[in-house]
Structure formats: C-alpha cells, structure tokens
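Next come the chains, spelled out residue by residue.
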Amino acid sequence: MNEGAGTPLRVGLVGAGFISRMYFDTLKRIQDEVRLVRIADVDLARAVETGAAQGVPGGSVDELLADPEVDVVLNLTIPMAHAEVATRSLEAGKHVYDEKPLAVTVAEARSVLDLAQQRGLWVGCAPDTVLGTGIQTARRAVDDGMIGPPVAATATMAIPGHEAWHPNPDFYYAPGGGPLYDMGPYYLHALITLLGPVARVSASSSRPVTERVIASGPRAGERVPVLTDTHITGLLEHVDGAITTLTMSFDTVGTRTLPIEVHGVEGSLLVPDPNEFSGTTSLKRRGEDWVELPTSAGYENSARGFGLLDFHRTPAGEVPRADAGIAFHALEIMESMMRSSVEGRRLDLGATAGRSRPVPLTSI
Ligand SMILES: NC(=O)c1ccc[n+]([C@@H]2O[C@H](COP(=O)([O-])OP(=O)(O)OC[C@H]3O[C@@H](n4cnc5c(N)ncnc54)[C@H](O)[C@@H]3O)[C@@H](O)[C@H]2O)c1
C-alpha cells in the first residue's frame with residue numbers, strides 16, 4: 001500500500017500450477033512496481049523447476065514464509081488450500097493476494113479476514129478483471145446515468161466443463177469448485193461493480209451427471225467424481241433494487257447468450273466478458289440504435305495480477321480496489337445460493353460490500 005514509492009512490492013508465489021504462467025507474464029511486465037522474488041509449491045520438484053525457469057529461488061512453503069524479502073504471498077493454490085495458505089501467510093506477517101474463490105466457506109473466509117485485521121495486514125482477492133477497461137467502461141456508463149436507474153441484469157456462463165482442457169480438473173468437481181465457485185466470482189465481482197451489493201438471493205441447482213472424463217494430458221480417459229452441483233440458476237436482489245438472473249453451468253453444450261446484459265429505465269447495456277480485462281460495451285437508449293461506447297475507464301492492457309499493482313499504488317488511507325471485502329461478499333452470495341437451492345427459500349445476506357473506487361482510464 002504505497003509502502004515505499006519507488007520500492008517494488010516483493011511477491012512470493014505459492015502454487016506453481018496452470019494459472020501461475022499468466023501471473024509470470026504480468027509480473028515480468030510490471031516488475032518495476034511488483035516483483036516476483038520466490039516460488040513455493042507443495043510439489044517441491046515443481047517449485048524448484050519453476051523457480052529456475054523464472055530466475056528466483058523455488059522451494060517449500062515454509063521457506064517462502066520465512067523469507068523476509070517476501071512482502072505479499074500470491075496464493076495460487078487450489079480452492080481447498082486457499083484459507084490454510086492465507087492463514088499461514090498472515091501468521092508469518094505477510095500480506096496475501098488470493099486466487100478466487102477467497103475460501104471454500106464463508107466461515108473460513110471470515111477467520112482469514114479477522115486475522116488480517118488483527119495483524120494489520122491486507123488480504124486481496126482475484127478476479128481483478130473488473131479493474132480492466134471492459135467492466136470499468138460499462139460501470140462508467142451506469143454511473144453516468146446512460147441507462148437511467150438500473151432495473152435488471154442477466155449473467156450467463158454456460159459451457160460443457162473444464163475437463164475438456166484442464167489436465168487435473170478434479171477440484172472443479174469438488175466442494176469449492178463447480179461452475180458457481182469457479183466462474184461465479186468473475187460475474188459477481190462485475191455485477192457488484194456495476195450494480196452494487198446484493199441483499200437477498202434465491203436459487204435452484206442440479207447435478208445431471210456424476211462422473212466427468214479427463215480429455216487431455218497424462219490422465220486422459222480417467223474419470224473424476226462430481227461432488228458438487230454443476231448447473232445453478234439464481235436471482236440476486238441488489239440493495240439498490242435491480243434484480244439479476246445468474247446462470248452458471250458446466251452442463252451446456254453451447255450458447256449464444258451474452259455474458260452480462262444490464263437494463264435500466266432508459267437504456268440497455270451489453271457488457272463484455274467479465275473473465276477478460278477488456279472488450280466492448282454497447283449501449284441502446286430508448287428510441288435509438290445500438291452504439292459501441294469508447295473506452296472511458298480502467299487499467300489499459302491489464303492482466304491477471306493487476307490487483308497487486310493497484311494495491312501497491314493505493315495511497316495510505318484508501319482501500320485497495322481488489323480488497324477481499326468484495327470477494328467475501330461474492331462468497332456469501334454463492335454459499336447462500338447453494339443453501340437456497342437445498343432449503344427451497346429466499347435468503348437474506350448478513351453482510352454487504354461497498355463498491356470499489358472506479359478506475360480512471362490509466363495506461364500502464
Ligand atoms: N484467474 C483465472 O483465470 C484462473 C483460471 C484458472 C484457475 N484459477 C484459480 O487459480 C487457482 C489455481 O488453479 P490452477 O488451475 O493453477 O490449479 P493447478 O492444480 O494447476 O495448480 C495448483 C498448484 O498449487 C499447488 N498446491 C496445492 N495445494 C497446495 C498447498 N497447500 N501448498 C502449496 N502448494 C499447493 C499444487 O501442487 C499445484 O502446483 C484456483 O484457485 C483456481 O480457481 C484462476
């Protein structure tokens with residue numbers, strides 16, 4: 001948090017798996033401000049090999065946590081390990097930036113955030129896609145009143161499932177996985193950014209098949225048990241009155257539905273894919289044709305890891321935009337949707353998150 005203008009934030013990366021490659025690309029690009037200094041993995045050989053390839057020491061999590069050169073732990077482990085790795089990192093005096101979801105349960109996430117507060121440390125969480133020009137330009141259109149008071153949104157993620165491309169897709173079908181916990185955070189962070197927090201949810205969910213077959217890599221042909229629901233539809237009632245219909249599915253062969261549409265009294269917006277940092281926002285105002293809006297806000301050329309850059313640039317006294325408060329609210333929405341489906345009733349949420357500060361158009 002602007003702990004020394006001119007001094008880079010030093011990152012220790014835990015979990016050198018699939019997604020780490022995208023972070024390596026980003027960290028190289030922004031190394032003057034946010035620099036990778038060490039890598040760890042429970043798979044020591046992988047840590048050592050990846051460290052060598054990235055030109056930093058690679059080893060155990062204990063070694064990384066004991067390294068005084070590490071300011072912040074970038075936690076890219078699987079969802080079930082997020083809370084444990086975050087807790088150990090905070091106990092070692094490190095800030096934490098987690099991949100999504102923040103934790104598998106709200107209770108776990110709450111204890112991580114309580115510990116961070118006690119220690120005076122920061123926890124941030126992906127997705128930071130909402131800091132890019134795509135969602136920020138759409139947010140600006142809403143904030144500037146281009147669609148009038150928001151009424152409704154639809155958010156749809158409908159795909160066949162990640163076993164089609166991921167060599168180790170087990171965690172996507174375990175508790176903490178499924179389409180809602182895996183992809184929901186992108187959509188929920190975008191919806192909270194666009195329409196504000198959610199007060200109440202209801203949902204229905206299903207699990208049409210109980211095994212998935214891995215399609216690629218050394219385990220191709222192996223069957224993975226499905227231990228969580230894989231099709232979920234819910235209604236989110238935002239505090240300010242708009243109602244979102246959210247569908248997250250690993251049981252869909254194909255779709256032509258747009259990722260997010262937002263409708264207001266005076267106009268409608270087509271919002272770019274919240275899994276991406278950029279994209280075009282289109283606006284239709286009552287009685288007019290569709291127009292593409294010029295890019296007007298957000299970090300240009302951003303990519304996974306910009307939440308850390310934003311943290312580093314945040315002036316003292318301000319809340320970094322990728323603060324885990326939003327991820328906590330998203331997790332509470334997801335957990336409540338799953339509970340609503342089981343219990344067959346609408347649920348009020350206990351907490352809400354404020355929207356993060358808008359990102360002015362910023363070139364990097
Ligand atoms: N932002 C994105 O676009 C995106 C995309 C895919 C996955 N993800 C998220 O990133 C995370 C990692 O996904 P992935 O696809 O890279 O998974 P992966 O299985 O390929 O990699 C996870 C790595 O973490 C290590 N690990 C697991 N538990 C650990 C522990 N307790 N301590 C240390 N290391 C541990 C594993 O050995 C492995 O190397 C997940 O939370 C996932 O939801 C994000």
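Conventions and cut-offs
Residues numbered from 1 in each chain as written. Predicted model: local features only at pLDDT ≥ 70, side-chain atom pairs only at ≥ 80, totals over all residues. Heavy atoms only, no water. Helix = DSSP H or I, 4+ residues; strand = E, 2+ residues; numbered from the N terminus. Rg over C-alpha atoms; globule rule 2.2 N^0.38 Å. Buried < 20%, exposed > 50% of the residue type's maximum accessible area, 1.4 Å probe, protein only. Contact = heavy atoms within 4.5 Å. Areas by Shrake-Rupley, 256 points an atom, 1.4 Å probe, with all protein chains shown as cover. Lys, Arg positive; Asp, Glu negative; His and termini not counted. Charge placed at Lys NZ, Arg CZ, Asp CG, Glu CD. Expected span 1.5 Å × (residues − 1). Near = heavy atom within 4 Å. Polar contact = N/O pair within 3.5 Å; in protein donor to acceptor, adjacent residues only side chain to side chain. Nonpolar A, V, L, I, M, F, W, Y, C, P; charged D, E, K, R; others polar. Pairing = 2+ DSSP bridges. Axes fitted to C-alpha atoms, helices over the stretch in contact; angles between N-to-C directions. Patch = residues over 30% accessible without salt bridge, like charges linked within 9 Å, V, L, I, M, F, W, Y side chains within 5 Å. Salt bridge = Lys/Arg side-chain N within 4 Å of Asp/Glu carboxyl O. Phe/Tyr/Trp six-rings, centres within 6.5 Å; stacked < 30°, edge-to-face > 60°. Parallel < 35°, antiparallel > 145°, perpendicular 65-115°, else oblique. Left-handed = near helix turned anticlockwise from the far one by under 90°.

1. Remarks on the overall build of the protein
So, point 1. A tally of regular secondary structure across the protein gives nine helices and 17 strands.
So, point 2. In terms of overall dimensions, the protein is globule-like: its C-alpha atoms have a radius of gyration of 20 Å, near the 21 Å expected for 364 residues.
So, point 3. In terms of its C-alpha atoms, the protein occupies a principal-axis envelope of roughly 60 × 50 × 35 Å.
So, point 4. Buried residues in the protein amount to 55% of all 364 residues.
So, point 5. Within the protein, contacts between residues at least 6 apart in sequence are counted, and of these 73% link residues at least 24 apart.
So, point 6. Total accessible area computed for the protein in this model is approximately 15,100 Å², and 52% of it derives from carbon and sulfur atoms.
So, point 7. For the protein, the distance from the average site of its 31 positive side-chain charges to the average site of its 45 negative ones is 2 Å.

2. Observations concerning helix H4 (residues 79–91)
So, point 1. If you check H4, its first and last C-alpha atoms are 19 Å apart, about what 13 residues at 1.5 Å a residue would give, namely 18 Å.
So, point 2. Tucked inside the fold, the buried residues of H4 contact strand E1 (9–14), helix H3 (61–66), strand E4 (72–75), strand E5 (95–98), helix H5 (106–119) and strand E6 (123–125).

3. A few points about unusual backbone geometry
So, point 1. The step from Lys100 to Pro101 runs through a cis peptide bond, and the omega angle for that step is -10 degrees.
So, point 2. Within the secondary structure layout, Pro101 lies in the loop between E5 and H5.
So, point 3. Although it is not a glycine, Asn301 sits at a positive phi angle of roughly 55 degrees.
So, point 4. Mapped onto the fold, Asn301 is located in the loop between strand E16 (290–292) and helix H8 (306–313).
So, point 5. For Asn301, a relative accessible area of 56% translates into the label exposed.

4. Examining the site of the ligand
So, point 1. Residues in close proximity to the ligand total 24 residues, the closest being Ile19, Asp41, Arg46, Tyr186 and Arg304.
So, point 2. Phe18 is positioned with one of its backbone polar atoms (N or O) 2.9 Å from an oxygen atom of the ligand.
So, point 3. A distance of 3.0 Å separates an oxygen atom of the ligand from a polar side-chain atom of His166.
So, point 4. It is H4 that provides the largest number of residues to the shell around the ligand, a total of four residues.
So, point 5. Its residues assigned to classes, the shell around the ligand comprises 14 nonpolar, five polar and five charged.

5. Some details on the sheet that holds strand E11 (residues 231–238)
So, point 1. If you walk across this open sheet you meet the nine strands as E16-E15-E14-E13-E7-E12-E11-E8-E17, and the pairing is mixed. One side of each edge strand has no neighbouring strand; the edge strands of this open sheet are E16 and strand E17 (347–348).
So, point 2. Across the sheet, helix H6 (residues 133–143) is in contact with strand E7 (150–158) and strand E14 (267–271); its angle to E14 comes to roughly 170 degrees.
So, point 3. Together, E7, E11, strand E12 (243–249), strand E13 (260–264) and E14 form the strand contacts of helix H7 (residues 178–195), whose direction differs from that of E12 by roughly 155 degrees.

6. Focus: the pairing of E12
So, point 1. By the criterion of burial, E12 is predominantly enclosed, with five of the seven residues buried.
So, point 2. Bridge count between E11 and E12: seven bridges; the pairing is antiparallel. What sits directly across from Ile232, in E12, is Met248.
So, point 3. Between the antiparallel neighbours E11 and E12 lie four residues, among them Gly241 with a positive phi of about 110 degrees.

7. A word on a nonpolar patch on the surface
So, point 1. Taken together, the side chains of Phe18, Met22 and Trp165 define a hydrophobic patch exposed on the protein surface, amounting to about 260 Å² of accessible area.
So, point 2. As for its placement among the helices and strands, Met22 is situated in helix H1 (residues 20–29).

8. Details of the sheet that holds E4
So, point 1. The strand order across the open sheet built from six strands is E3-E2-E1-E4-E5-E6, with neighbouring strands paired in parallel fashion. Across the chains shown, the open sheet's two edge strands, defined by having one partner strand only, are strand E3 (58–59) and E6.
So, point 2. Judged from the two bridges that link them, strand E2 (residues 34–40) and E3 form a sheet pairing that is parallel. Paired with Ile39 across the bridge in E3 is Gly58.
So, point 3. On the sheet, H1 packs against E1, E2, E4 and E5 and is oriented at approximately 145 degrees with respect to E2.

9. Examining the packing of aromatic side chains
So, point 1. Counted according to the given criterion, the structure contains six aromatic pairs.
So, point 2. Aromatic side chains Phe171 and Tyr172 sit 4.2 Å apart centroid to centroid with 35 degrees between the ring planes, which places their arrangement in the tilted category.
So, point 3. A residue is classified by how much of its surface remains accessible, and Tyr172, at 7% relative accessible area, is buried.
So, point 4. Through successive ring pairs, a cluster of aromatic residues spans Tyr97, Trp122 and Phe311.

10. Thoughts on H1
Residues separated by three or four positions in an α-helix point in the same direction, a consequence of the helix having 3.6 residues per turn.
So, point 1. All buried positions along H1 are accounted for by Ser20, Tyr23, Phe24, Thr26 and Leu27.
So, point 2. Contacts from the buried residues of H1 go to E1, E2, helix H2 (44–54), E4, E5 and H8.

11. Observations regarding the packing of H5 against helix H9 (residues 324–343)
So, point 1. One can describe the packing of H5 onto H9 by two numbers: an axis separation of 10 Å at closest approach and a directional angle of 165 degrees. Relative to H9, the element H5 lies roughly antiparallel. Pair H5 / H9 crosses with left-handed handedness. Judged by residue contacts, Val106, Ala109, Arg110 and Leu113 of H5 engage Ala324, Phe328, Leu331, Glu332 and Glu335 from H9.

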